[in-house]
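# Breakdown of the fold
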Amino acid sequence: MSYTAPLRDMRFVLHEVFDVAGHCELLGNGLDRELIDGVLEEGARYAGEVIAPLNRTSDEEGVTLEGGAVTTPTGFRQAYKQYCDNGWASMTGPVEHGGQGFPQMVAASFHEMLMAASLSFRVYSGLTEGAVLALYKHGSEALKQAYLDKMVGGTWTGTMCLTEPQAGTDLALLRSRAEPQADGSYKVSGSKIFISGGEQDFSDNIVHLVLARLPDAPAGVKGISLFLVPKFIANADGTPGARNALSCGAIEHKMGIKGAATCVMNFDGATGWLIGEANQGLACMFTMMNDARFQVGLQGLGIAERAFQGALSYARERLQSRALTGAAEPDKAADPIIHHPDVRRMLLTQKTLVEGSRMLAAYCGRQLDLEHGHPDAAARKAAGKRAALLIPIVKSFFTDMGQEVASLGVQVYGGHGYIREWGMEQLMRDSRITQIYEGTNGIQALDLIRRKLMGDGGAELHALQDELAAMAEAQAGRSELAELAGAVLARLKEWRDLTATVLDRARHDPQEIGACSVDFLQYSSYVLLAGLWLQAAARAQDALDGGTGEADFYQAKLHSARFYVRRLLPRASGHRESLLGGADCLMALPEAHFAF
């Protein structure tokens, strides 16, 4: 399976739906449309020609561990060197440390390309960007000077070390210890599991951000601190120095992303330095985790795009039977399966989920940019609240969507989809982990209800709903968009009512929080995408009214919007009915009665 970046759709989202040039002007970063398009075109070449060919071979070859050293798949070292040499590693890094300061709204398109080309390859670089952000926001000047420039440039990579065998989601159970030393450093001891890129063979140093407890730390999550623990301690001249007391004890043998080294890391009194304040490690780590969750959402989007491309190509070529209305291509022995309604259903489901999610990714990226770069403090705070609301939706919905779209890809291929050599089954295996790591999708749904919805009584969600309603009302008078706008407005009213119901039930019965959370997140996602599809349809209609030379492209947008509203938005009703079923049917059955 080849991969071609969907540049035309990316340009539509960035320029026509969200005016990225105006966004960049507000941020003052000097980027214009021509430069953005040029960067994405070069990124598409790199992803399609350099990274995509590694996807299949890395799955076959995997990684190996010998004597504590990890060997990555053939081609990864050379591709990563090119990644750094061409400046992709520094794309979003802070300018004062050698970064290019690209906004997330633009970088998300390139990162989607990398996820689609080879998720295993992208895993190694993805966490480095989050580690850079955490160190930049919370690290001391000494640590920044010693480590940040090399991490921004990509020659030193970063990891996130949270999980332990007994402590996954529940970090209150964390046991790793950090003993203070006379020189201001700490000796960090403990074992961490599931560490992506914990050991590899293409960067000069690996900087681990490790959660651990100080000797006098309070119990629970309030007693966790964050430490920078490098593989090699930096010398004064910025070169790697002495080897630290840490090692890779094992690598996990996984269902998918086999080219990514998922390591067990052992810290045996390793030298580390505190990041941020003592016992405030979780707050510091959340800076990195929010970035990582956004990136994992893009993983689901990237895999879904590649699965859609493969399914579409196959459906255009595979000859099977005749169309129900008679021969569609009588010069052939049979018709391509794209003429069959059920295959159309699967392809349009893939297409509209992928393109709708791409719009939501850009919208979320814009909020992240405004949170960090808007010149007005109040606007930064408002954008931060909006981004916080969207992150669990992006992470959860995109990764569920990625698995569904990959599964549909297997189905379009039929028997060949189940056969390894065709490539589709790898996408399904690779995508499965995205629903689990960086906080399972069930945890994301709990976060949406407990921290975001209940945290402010639904105020931020109501503000989002109001903005979508204003946009829909503005389009309701246009005959070509009346059906779409009416459907969106009806769902927004239902969404508001459902929000009030969820808040009321959650306040009276905490079990309702967990019982309704996944369905509420899914419901919210489908309605949110409907609003974005209406916005896309409005821009497409504007272009058609203006006499565009790309009528086919814009007509396809209108057809896709109608398909989404008629065939996929109704899924929200199922989630609403399930949610309203309540918690009692989940919790009333005694545990002993689950099996006899």
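You'll find the protein chain entered in an unreviewed UniProt entry as 3-methylmercaptopropionyl-CoA dehydrogenase, with Pseudomonas tohonis given as the organism. The annotation that UniProt attaches to the protein chain under Cofactor (unreviewed entry) is "FAD".

### Structural notes on the pairing of strand 7 (residues 225-230)
Across the 6 residues of strand 7, 6 count as buried, placing the element largely inside the fold. In this structure, strand 6 (residues 205-212) lies alongside strand 7, joined through 6 bridges in antiparallel fashion. Note on strand 7: the bridge partner recorded for Ala212 is Ser225. Two elements, strand 7 and strand 11 (residues 262-275), share 3 bridges in a ladder whose sense is antiparallel.

### Notes on the nonpolar core
Of all hydrophobic cores here, the largest spans 162 residues; its most connected members are Tyr46, Met113, Leu360, Trp495, Phe520 and Tyr564. Looking at which element gives the most residues to this core, the answer is helix 16 (residues 511-545), with 18 residues. Discounting chain neighbours no more than four positions away, the residues touching Tyr46 are Ile51, Ala79, Gln82, Tyr83, Trp88, Phe110, Leu114 and Phe121. Within the second largest apolar cluster, 29 residues are counted, among which are Ala134, Val207, Ile224 and Met289.

### Focus: the state of the cysteines
The tally for this structure, following the rule as stated, stands at 0 disulfides. The closest cysteine sulfur to the non-disulfide-bonded Cys284 is located on Cys161, 15 Å from its own sulfur. We classify Cys284 as buried; its relative accessible area is 5%. As a non-bridged cysteine, Cys516 has Cys585 as the owner of its nearest cysteine sulfur, 12 Å distant.

### Here we look at the packing of aromatic side chains
Counted by the stated rule, this structure contains 19 aromatic pairs. Between Trp88 and Phe110 the ring centres are 4.2 Å apart and the planes differ by 20°, which places this aromatic pair in the stacked class. With Trp88 in the loop between helix 5 (76-85) and helix 6 (104-117) and Phe110 in helix 6, the pair connects residues that are 22 residues apart, well separated along the chain. The class of Phe110 is buried, set by a relative accessible area of 0%. Feature note: the residues Tyr46, Phe76, Tyr80, Tyr83, Trp88, Phe110, Phe121, Tyr124 and Phe202 constitute an aromatic cluster, connected by ring pairs. If you follow Arg8 out to its NZ or CZ, it ends over the ring of Phe553, 4.1 Å from the centre. Against the face of Phe232 rests Arg243, its NZ or CZ located 5.6 Å from the ring centre.

Here is what the cut-offs are and how they apply
Residues numbered from 1 in each chain as written. Predicted model: local features only at pLDDT ≥ 70, side-chain atom pairs only at ≥ 80, totals over all residues. Heavy atoms only, no water. UniProt positions renumbered as here; feature names shortened; annotations may be inferred. Buried < 20%, exposed > 50% of the residue type's maximum accessible area, 1.4 Å probe, protein only. Helix = DSSP H or I, 4+ residues; strand = E, 2+ residues; numbered from the N terminus. Pairing = 2+ DSSP bridges. Core = buried A, V, L, I, M, F, W, Y, C linked by side-chain atoms within 4.5 Å. Contact = heavy atoms within 4.5 Å. Disulfide = S-S within 2.5 Å. Phe/Tyr/Trp six-rings, centres within 6.5 Å; stacked < 30°, edge-to-face > 60°. Lys NZ or Arg CZ within 6 Å of the ring centre and 35° of its normal.

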